[in-house]
Amino acid sequence: MPQGLPPLHVTQIDPDVYPRFYSVAQSPDGLLFVAGEEGIHSYDGREWTTTRLPNQRFVRSLEHDGMETLYVGGYGQFGYLELDDTRRPVFTDLTPELSSIIDSENLADIWHIEITPNGVFFRALYHLFQYKPESGDLTVWHHPDRFGGVLWHEGELWVQFRQLGLQRLDGEEFTMVPGGQQLTEHIIAFLPLPGGGLLTMGREGPWQHFHKGQLSLWAAPESLPSPDNFDAYQVLPDGSFALGAADGHVHLLDPSSLSHRVFRVAFDFISDLAISVDGGLLVQTDQATTHLFWPHPWTKLGTESGLVGRVNEIVRWGEDWIAITSAGAQRVHFGRFEPTGWSNFETWDWMDLDSGGALLADSFNLLRITETGGARQLFLDLYPRKLQESQYRTDHVLIGTEHGLSIVRQKGEDFDLVFQQQGFTGLITEIMELADGDLLMSINGTGLVRATLSDDWRAIEIWRVYSSDDGLDYGAVVEADIVKTSSNDFLVSTRAGYYNWEGGQLKPQPLPGLPVPDGQSPLIRFDRSPDGERWAYQQRQLWREDDQSRWRVEDLSELNPVVIASLSFMDDGRIMVGDQAAVHQFQPAVEADHPTPLPVRMRSAQLTDASGRTRRLPLDGRELVLPFGEYSIRLDYGIPSFRQSQANRYRARLIGFEEEFSDWVPTTGYTYTLRNPGIKRFEVQARDHLGSVSEMTPFEFRMEAPWYSTAWARAIWAILIFASLIFFFRVLIRWRLARLEAERQRLAEMVDQRTADLAAAVRKLRNMANVDGLTGLANRRRLDEYLKEAWVRCIDRQCDLAIALLDIDHFKAYNDTHGHPAGDEVLRKMGDVLACALRRNEDVAARYGGEEFMVVLPAADLEHALEIGEVLRAAVEASPLGITASVGVASTRPDENKKLEDLINTADQALYRAKQMGRNRVDMGL
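A. Local environment of the overall build of the protein chain. Helix and strand counts for the protein chain stand at seven helices and 70 strands. Dimensions along the principal axes, computed over C-alpha positions, put the protein chain at roughly 105 × 90 × 70 Å. Per-residue burial over the protein chain gives 50% buried out of 926 residues. Within the protein chain, counting contacts between residues at least 6 apart in sequence, those at least 24 apart form 51% of the total. When the accessible surface of the protein chain is totalled, it reaches about 43,100 Å², and 49% of it is carbon and sulfur. Charged side chains in the protein chain number 89 positive and 132 negative. The centres of these two groups are separated by 6 Å.

Encoded structure:
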């Protein structure tokens, strides 16, 4: 079974900077730092700030000291970064005058930074610098054959001098480590092994163990690639290693047990790894920073593993893993799920046979799967959904169908139909055996039913439906779920309640921790593991019963489930949660990392005066006094964590302006208009996705009183009382109007935020309805919407819009020769080919109809459209599908006088010409 991915969060770097990044680090308060081509990019969870080095060159390496200082290694320059009193990053250059450095013309990248009790060491190719923060002293060493790995080991600094060996710093001189002369080839890192010694990560050769002067081969797991595959490494708190490969895989290696896990985190080069302050691992690639939440008991298998369709069950059959899905049965082959070809329809249930092979229920038929992997239809148009071997007559199989109960009996390799219920009774979802021939069933539209069979099981003698007369309330929809709790007790759930069934009697059953059914909400379904542990699920929520019979939420939010469809229990203790084109795996043996949640922090305070001038205010706790005047103050805050940040909620108040906290909202900033003097205190409370509440250190400031409130001015007030009253009322009116305006502005921000959340939810629902079920591309409905959106957007931008129509050549003949299942497989893989051929996010590929596809190319002229059309054609021809395609492209600059239909017709005519002129070619519309 593929391992899947633990929860992760991808943070895209500011899109306005050059997308190439090298290193990542994080401060104790959660501030993220990324080194890239344009400098150091810092992210506080809300916005990016870029700090350029004085020489305007790129930054290669970062290392935080765990307090307040970030050490920076760039190209030809190094130093450190600290936040000023307004939380803006400020860089201090430590680079000496180049004329004082031996071989200064070769001072290029600082590849590694090592923070030690003896100072901070910056390693370039030919130079090693030691900086002592207490004194500011800087020392440099030069090695003409280049330096290799650097580490602080056993209270000493060890450095590889390539071509010479491994040496340690003794005072101000380096001396050879005993046996270190064996380590002359380039080693980029030394990893400490738990039993003592170092594991070498070299550019050449195998994994090696250096211990007590001896160098020997290290027995690495067979699945672990050679060390030259890795450029990034990190020693984790438990002593295990995280290794980042150039192909986007993160390898987790426990050197004690030699266990090895591999996760594909990205599809580009992993340049650095770092430990996150709120748990897990930060993975830096060329394009983005990924927060990998590991260790974690949950992992997810999705479309990247080949899975398609809703997963109704996961089973282990011999050495194979089988996914029973709405897109047929799929088997793991070389780490990916692939169709078995047993059925062209939805598959619902699976049952192993004691005699070998299995039974498979698809939408219409009952299939016999042979031991060799073949499939044979047993009964047609049976519409089976639930398969259950009788515990009393083991050669009989109870089948819940869309129309009622059926029973079959095994006779050798064949099966006889013993009983088939006549007349429509509804879909049977659960079958429980009370005794031989005594069944308890849940049937959609009918409810909870007890059926007694005749002695030969060829007829139903008693049929009892439980209703309100028996104390059972179904709610708005008649359906029920049953799970066994003991030898003759069952838990029954409906939309209106939970009930204990014992000996034919139903009694309400409270279940602490589960939602109280309201009669309208979707049914909560239950399942029971082989060891008796009970689970419950409803749409995207999952619960597990603990030892005290209380139900606890299993938080799947970081895995973004679509809809939970099934639970499958494996022999090794794993639980598989079926989802839409995904399986969430729960491994009880893995304990999640539970770091202390990061508290809410102030990000910035910006003050704008009446003339429009803006300045940032200090956040270091100093006494802050503002002269009297009219100000607008913007206060920003947030939790600097990447764990489900979209679920964070905040409430705030400005004492001296308002006394009550706001409602819990996702807003991370407020703007106030200040006119009245006095002390102001801004307070914020935050609640993260786990419900943990934190409070921000209050931000305080004071506005001075106006001159007319001073002692010497009171005499003037006595003389000018009438004028003062008039002035007072005018000021009061202005103040109240300003307060109303500030409140309106604050409410408007809250409304905008909630509107954005609602729009995101609507977009997600629309996306679920806008995907073609066969190819995974946008369907015709989504295509029509996107074409209209792109047309309007191109009018606004005054840019071109191009489309490419692609049609598979001789597809009908292909279908006639290979059959429709093979044709469907071609269409399914065509979706992957087209998706991989496109590079821009705004380029959309969709299924246009049958074997015809359309690609929408905003901001593309005809020349660019022809290039894309040729890329698509070549991708199809080069694919292993054994087909070719013809492409017609057209482009126009939309305006109010043109029609979208004309553009489509032009592309269609070009496609027709491409077909007429021999196929497997690209033609353009004129």
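B. Expanded view of a nonpolar patch on the surface. A cluster of nonpolar residues, Leu725, Phe728, Phe729 and Leu732, forms a patch on the protein surface that exposes about 370 Å² of accessible area. The residue Phe728 is located in helix H2 (residues 721-769) in this model.

C. How the structure looks around the side chain of Ser42. By the secondary structure assignment, Ser42 is in strand S4 (residues 39-43). Those residues in contact with Ser42, other than ones at most four positions away along the chain, are Leu32, Phe33, Glu47, Trp48, Thr49 and Pro89.

D. Here's a closer look at the nonpolar core. Among the nonpolar cores identified, the biggest contains 30 residues, and Leu806, Met830 and Leu872 are the most heavily contacted of them. Counting only elements with at least two residues in this core, the list comes to strand S66 (801-808), helix H4 (811-818), helix H5 (820-837), strand S68 (852-858), helix H6 (862-878) and strand S69 (885-892). Excluding residues within four positions of it along the chain, Leu806 makes contact with Met830, Leu834, Glu851, Glu852, Phe853, Leu872, Val876, Ala885, Ser886 and Val887. Counting residues in hydrophobic clusters, the runner-up holds 28 residues, among them Met602, Tyr631, Ala652 and Met703.

E. Geometry of unusual backbone geometry. Between Trp294 and the following residue, Pro295, the backbone shows a cis peptide bond with an omega angle of 5°. For Pro295, the position within the fold is in the loop between strand S28 (288-292) and strand S29 (298-301). With phi around 55°, Tyr383 is a residue other than glycine that occupies positive phi space. Its identity is not glycine, yet Ala859 carries a phi of approximately 60°, on the positive side. Tracing the sequence through the fold places Ala859 in the loop between S68 and H6.

F. Region of interest: the pattern of salt bridges. For the structure shown, the criterion picks out 49 salt bridges. As a salt-bridge pair, Glu623 and Arg702 come within 3.8 Å of each other at their nearest N and O atoms. Here Arg702 lies in strand S65 (residues 699-703) and Glu623 lies in the loop between strand S58 (614-616) and strand S59 (625-626), a separation of 79 residues in the sequence. The class for Arg702 is partly exposed, based on a relative accessible area of 32%. As a salt-bridge pair, Arg797 and Glu842 come within 3.7 Å of each other at their nearest N and O atoms. Here the residue Arg797 occupies a position in helix H3 (residues 780-797), and Glu842 occupies one in the loop between H5 and strand S67 (844-849), the gap between them amounting to 45 residues. The exposure class of Arg797 is partly exposed, given its relative accessible area of 48%. The partly exposed category is assigned to Glu842, whose relative accessible area is 24%.

G. Broad picture of the sheet that holds strand S26 (residues 270-275). Pairing within the open sheet is antiparallel, and its four strands lie in the order S1-S28-S27-S26. Since the sheet does not close on itself, it has two edges, and those belong to strand S1 (8-12) and S26, each with one partner. Neighbour-to-neighbour, the strand axes of the sheet open up by a mean angle of 20°, direction not taken into account. Note that strand S27 (residues 281-285) and S28 share four bridges and pair antiparallel. From the neighbouring strand, Leu281 faces S28, where its bridge partner is Leu292.

H. Region of the structure containing the packing of aromatic side chains. Counted by the stated rule, this structure contains 32 aromatic pairs. Between Phe490 and Trp501, the ring centres sit 5.8 Å apart and the planes meet at 65°, which makes this aromatic pair edge-to-face. Highlighted residues: Phe490 in strand S47 (residues 489-493) and Trp501 in strand S48 (residues 498-502), separated in sequence by eleven residues. Taking relative accessible area as the criterion, Phe490 reaches 1% and is therefore assigned buried. Taking the relative accessible area as the measure of exposure, Trp501 reaches 1% and is therefore buried. Residues Trp535 and Phe586 carry aromatic rings whose centres are separated by 5.6 Å and whose planes lie at 70° to one another, so their mutual orientation is edge-to-face. Placement of the pair is Trp535 in strand S51 (residues 534-538) and Phe586 in strand S56 (residues 582-586), with a sequence separation of 51 residues. The pair Trp535 / Phe586 is uniform in exposure class, with both members buried. Counting every residue linked through ring pairs, the aromatic cluster contains Tyr71, Phe78, Tyr80, Phe122, Phe129 and Tyr131. Sitting over the ring of Tyr22, Arg60 keeps its end group 4.4 Å from the ring centre.

I. Expanded view of the pairing of S4. Of all five residues making up S4, five are buried, and the element is well covered by its neighbours. Two elements, strand S3 (residues 32-36) and S4, share five bridges in a ladder whose sense is antiparallel. Each bridged residue has a counterpart across the sheet, and for Ala35 the counterpart in S4 is Ile40. Where S3 folds back on S4, the antiparallel hairpin that results is connected by two residues. Note: S4 against strand S5 (residues 48-51), four bridges, orientation antiparallel. Of the residues in S5, the one forming a bridge with Ser42 is Thr49. Counting the residues that bridge the hairpin from S4 to S5 gives four residues, and of these Gly45 lies at a positive phi of roughly 95°.

J. Local environment of the packing of H4 against H5. For the pair H4 and H5, interaxial distance at closest approach is 6 Å and the crossing angle is 135°. Between H4 and H5, the crossing angle belongs to the class labelled oblique. For the pair H4 and H5, contact is made by Phe811, Tyr814, Asn815 and His818 and by His820, Ala822, Gly823, Val826 and Leu827, respectively. Grouping the amino acids of the contact of H4 with H5 by side-chain chemistry returns five nonpolar, four polar and no charged.

K. Structural detail: the packing of H5 against H6. Interaxial distance between H5 and H6 falls to 10 Å at its minimum, and their mutual angle equals 140°. Judged by the angle between their axes, H5 and H6 are oblique. The crossing of H5 and H6 is right-handed. Residues Met830, Val833, Leu834 and Ala837 of H5 form the contact with H6, whose participating residues are Val871, Leu872, Ala875 and Val876.

L. Just helix H7 (residues 900-916), in detail. Here H7 is 17 residues long and its end C-alpha atoms lie 25 Å apart, about the 24 Å a rise of 1.5 Å per residue gives. Along H7, the positions that sit buried rather than exposed are Leu900, Leu903, Ile904, Thr906, Ala907, Ala910, Leu911, Ala914 and Lys915. The inward-facing, buried residues of H7 contact H3, S66, S67, S68, S69 and strand S70 (922-924). Immediately downstream of H7, the backbone of Gly918 shows phi near 120°, a positive value.

Cut-offs used in this document
Residues numbered from 1 in each chain as written. Predicted model: local features only at pLDDT ≥ 70, side-chain atom pairs only at ≥ 80, totals over all residues. Heavy atoms only, no water. Helix = DSSP H or I, 4+ residues; strand = E, 2+ residues; numbered from the N terminus. Buried < 20%, exposed > 50% of the residue type's maximum accessible area, 1.4 Å probe, protein only. Contact = heavy atoms within 4.5 Å. Areas by Shrake-Rupley, 256 points an atom, 1.4 Å probe, with all protein chains shown as cover. Lys, Arg positive; Asp, Glu negative; His and termini not counted. Charge placed at Lys NZ, Arg CZ, Asp CG, Glu CD. Patch = residues over 30% accessible without salt bridge, like charges linked within 9 Å, V, L, I, M, F, W, Y side chains within 5 Å. Salt bridge = Lys/Arg side-chain N within 4 Å of Asp/Glu carboxyl O. Core = buried A, V, L, I, M, F, W, Y, C linked by side-chain atoms within 4.5 Å. Pairing = 2+ DSSP bridges. Axes fitted to C-alpha atoms, helices over the stretch in contact; angles between N-to-C directions. Phe/Tyr/Trp six-rings, centres within 6.5 Å; stacked < 30°, edge-to-face > 60°. Lys NZ or Arg CZ within 6 Å of the ring centre and 35° of its normal. Parallel < 35°, antiparallel > 145°, perpendicular 65-115°, else oblique. Nonpolar A, V, L, I, M, F, W, Y, C, P; charged D, E, K, R; others polar. Left-handed = near helix turned anticlockwise from the far one by under 90°. Expected span 1.5 Å × (residues − 1).

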